[in-house]
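Okay, here's what each chain looks like letter by letter:
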Amino acid sequence: MNLLRKLPKIDKIVINPLFKGLNPSRLAQIAREKIDKLRANILAKNIENFDNEDLLKDIKYSYDKLFEPSLKPLINATGVILHTNMGRSLISEHILGESSKIITNYSNLEYNQEKGCRGERYEHVSKHLKNLLHVEDVLVVNNNASAVFLILNTFAKNKEVIVSRGELVEIGGSFRIPEVMSQSGALLHEVGATNKTNKNDYKNAINENSAMLMKVHQSNFSIEGFSDDTNYADIKTLCVDNNLIDYYDLGSGYIPELPYNLGKNEPSLQTILKDDPSLISFSGDKLFGSVQAGIIAGKKELIDKLKKNQLLRMLRVDKITLSILEETIKAYLKEDYKSIPTLWMLFQSEESLHIRVSNIQKEVGESTCNVIKSKTVMGGGTLPNREFPTVALHVKGKATTLERSFRKNNIIGRIENDMFLIDFRSILPEFEKQIINTIKEIIK
Ligand SMILES: *Cc1c(COP(=O)(O)O)cnc(C)c1O
């Protein structure tokens, strides 16, 4: 029982100099748990003694552990720019700096300053996007998955949506077009074959319960060989003739022409908009290179109807999203692509990448690494099977061991032909110093 009396008092622990500057309530909570456990062990005669110093150290350790960040920055050295597991698109310091003025202040988010009355949340972004895309109206929701859901629920509840069998895709994270459709209340009417769907397949499927013809970007796969799909202009014509809504779920939308011939069979937003689609939607954080959002663009009359759906309230975006999106769109209007890291990384020439990697090789020593020319992909369910050139640093040594060591040091590389590679396609120059230091540390 002597041992029980030796247990320190919580209020004494909290004021111990070891814990100076720490939050007393969190400390007390941790200390209480530790002491309760100790007391139970003493009573159960599981322990015969304990050390007070060790107990204090243990409390400090648990306290520090509690405040270890869960989300932390990583260096994406995989070469895959839109790595969904690592956060897809990056936001530049410049854009974040501009939007922080909105985030850290009250704003006119839903306030019409001129009239002194309630304003429209979606107006800020739509004003700029209308300029950029030349569409009648725009609406922004939480992500493209919610855009698809909102559109189907608004226009096709208990009605048929005609989709090609080649476009019933699963995006990843178990987002499947057929399942989203059934959850939204829309009825899927599949047409055509996996590899071919023509205009007549759509035409023959139209009936009195049809509401919409929907085209879905295949996103993360491609059908090669004997395959064909129906072009959007034909889908649009069928919709006009039959008084139906046409909708294109693009997945990823992009503005400037893509380098490395990546734009082949992957039309830009401007090209798609030439067919005058009634509605399109795309992700804010894929090739568009901004924040997570679902951007819907098209006919004002239809977007007005979307705005009246109660669901919109549940899919509503915050000022954080809207302000970052507004700044990204402004960067597009200025053609300031260096403020959009996704584009900056994609547009880096092979030559300039080679120079960067060679400089790093010189810095860490040619005996420890080689400069390797390789291929990468965009990722994020965009540009399926389209490879483009990249340059990587091959760190010599056992690839699996190196991969693990670098991963522990927050650098996520990739293994190719038994070589551990640090691919600089997806690395911004400001991280080069950290990479050099880590290589030197690990090689030592
Ligand atoms: C990525 C994608 C989605 C989902 O978009 P999120 O922004 O990830 O919600 C929907 N449809 C297609 C075709 C896609 O490629």
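Quantities reported herein were computed from a predicted structural model and do not represent experimental measurements.

1. Examining the pattern of salt bridges
Throughout the structure, instances matching the rule amount to 28 salt bridges. For the salt bridge of aspartate 285 with arginine 88, the shortest nitrogen-to-oxygen distance reads 2.9 Å. Pair noted here: aspartate 285 is in the loop between β9 (279-283) and β10 (294-298) and arginine 88 is in the loop between β1 (75-76) and α5 (93-103), with a separation of 197 residues, a long-range link. A salt bridge links glutamate 327 to lysine 330; the nearest nitrogen and oxygen atoms lie 3.2 Å apart. Here the residue glutamate 327 and the residue lysine 330 both occupy positions in helix α14 (residues 319-333), the gap between them amounting to 3 residues, near one helical turn.

2. A look at the site of the ligand
Near the ligand, the surroundings consist of 13 residues, among which Ala145, Ser219, Asp249, Ser283 and Lys286 are the closest. Between the ligand and the protein, one listed contact pairs a nitrogen atom with a side-chain N or O atom of aspartate 249 at 2.7 Å. Note that an oxygen atom of the ligand is positioned 2.8 Å from one of the side-chain N or O atoms of lysine 286. Coverage of the ligand by the protein chains reaches 94% of its 380 Å² of free accessible surface. Considering only residue class, the shell around the ligand consists of 4 nonpolar, 6 polar and 3 charged.

3. Section: the sheet that holds strand β4 (residues 137-141)
Sheet strands line up and pair through hydrogen bonds in the backbone, either parallel or antiparallel. Strands sit in the order β4-β10-β9-β8-β7-β5-β6 across an open sheet of 7 strands; the sheet is mixed. Unpaired on one side and paired on the other, β4 and β6 (187-191) mark the two borders of the sheet. Across the sheet, the mean angle separating the axes of adjacent strands is 25° when strand polarity is ignored. Of the strand pairs in this sheet, strand β5 (residues 160-164) and strand β7 (residues 210-216) are connected by 3 bridges, and their pairing is parallel. What sits directly across from valine 161, in β7, is methionine 212.

4. Side note on the domain arrangement of the chain
Splitting the chain by domain gives domain 1 (2-66), domain 2 (75-82 + 344-443) and domain 3 (93-336). The C-alpha centroid of domain 3 is placed 56 Å from the C-alpha centroid of domain 1.

5. Topic: the packing of helix α16 (residues 350-364) against helix α18 (residues 432-443)
Where α16 meets α18, the axes come as close as 10 Å, and the angle between the chain directions of the two elements is 40°. Once α16 is placed against α18, the crossing between them reads as right-handed. Contacts between α16 and α18 pair Arg356, Ile360, Glu363 and Val364 from the former with Glu432, Lys433, Ile436, Ile439 and Lys440 from the latter. Across the contact of α16 with α18, the residue classes tally to 4 nonpolar, no polar and 5 charged.

6. Comments concerning the sheet that holds strand β15 (residues 419-423)
Taken in spatial order, the 4 strands make up an open sheet running β11-β12-β15-β14, and their pairing is antiparallel. Because the sheet does not close on itself, it has two edges, and the strands there are β11 (369-376) and β14 (414-416). Averaged over all pairs of adjacent strands, the angle between their axes in this sheet comes to 45°, without regard to strand direction. Examined bridge by bridge, β11 and strand β12 (residues 388-395) share 8 bridges and lie antiparallel to one another. Counted as the bridge partner of valine 371 is leucine 393 from β12. Sitting on the sheet, α16 touches β11 and β12, and the angle it makes with β12 is about 5°.

Rules and cut-offs
- Residues numbered from 1 in each chain as written.
- Predicted model: local features only at pLDDT ≥ 70, side-chain atom pairs only at ≥ 80, totals over all residues.
- Heavy atoms only, no water.
- Salt bridge = Lys/Arg side-chain N within 4 Å of Asp/Glu carboxyl O.
- Helix = DSSP H or I, 4+ residues; strand = E, 2+ residues; numbered from the N terminus.
- Near = heavy atom within 4 Å.
- Polar contact = N/O pair within 3.5 Å; in protein donor to acceptor, adjacent residues only side chain to side chain.
- Areas by Shrake-Rupley, 256 points an atom, 1.4 Å probe, with all protein chains shown as cover.
- Nonpolar A, V, L, I, M, F, W, Y, C, P; charged D, E, K, R; others polar.
- Pairing = 2+ DSSP bridges.
- Axes fitted to C-alpha atoms, helices over the stretch in contact; angles between N-to-C directions.
- Domains from an automatic or database assignment.
- Left-handed = near helix turned anticlockwise from the far one by under 90°.
- Contact = heavy atoms within 4.5 Å.

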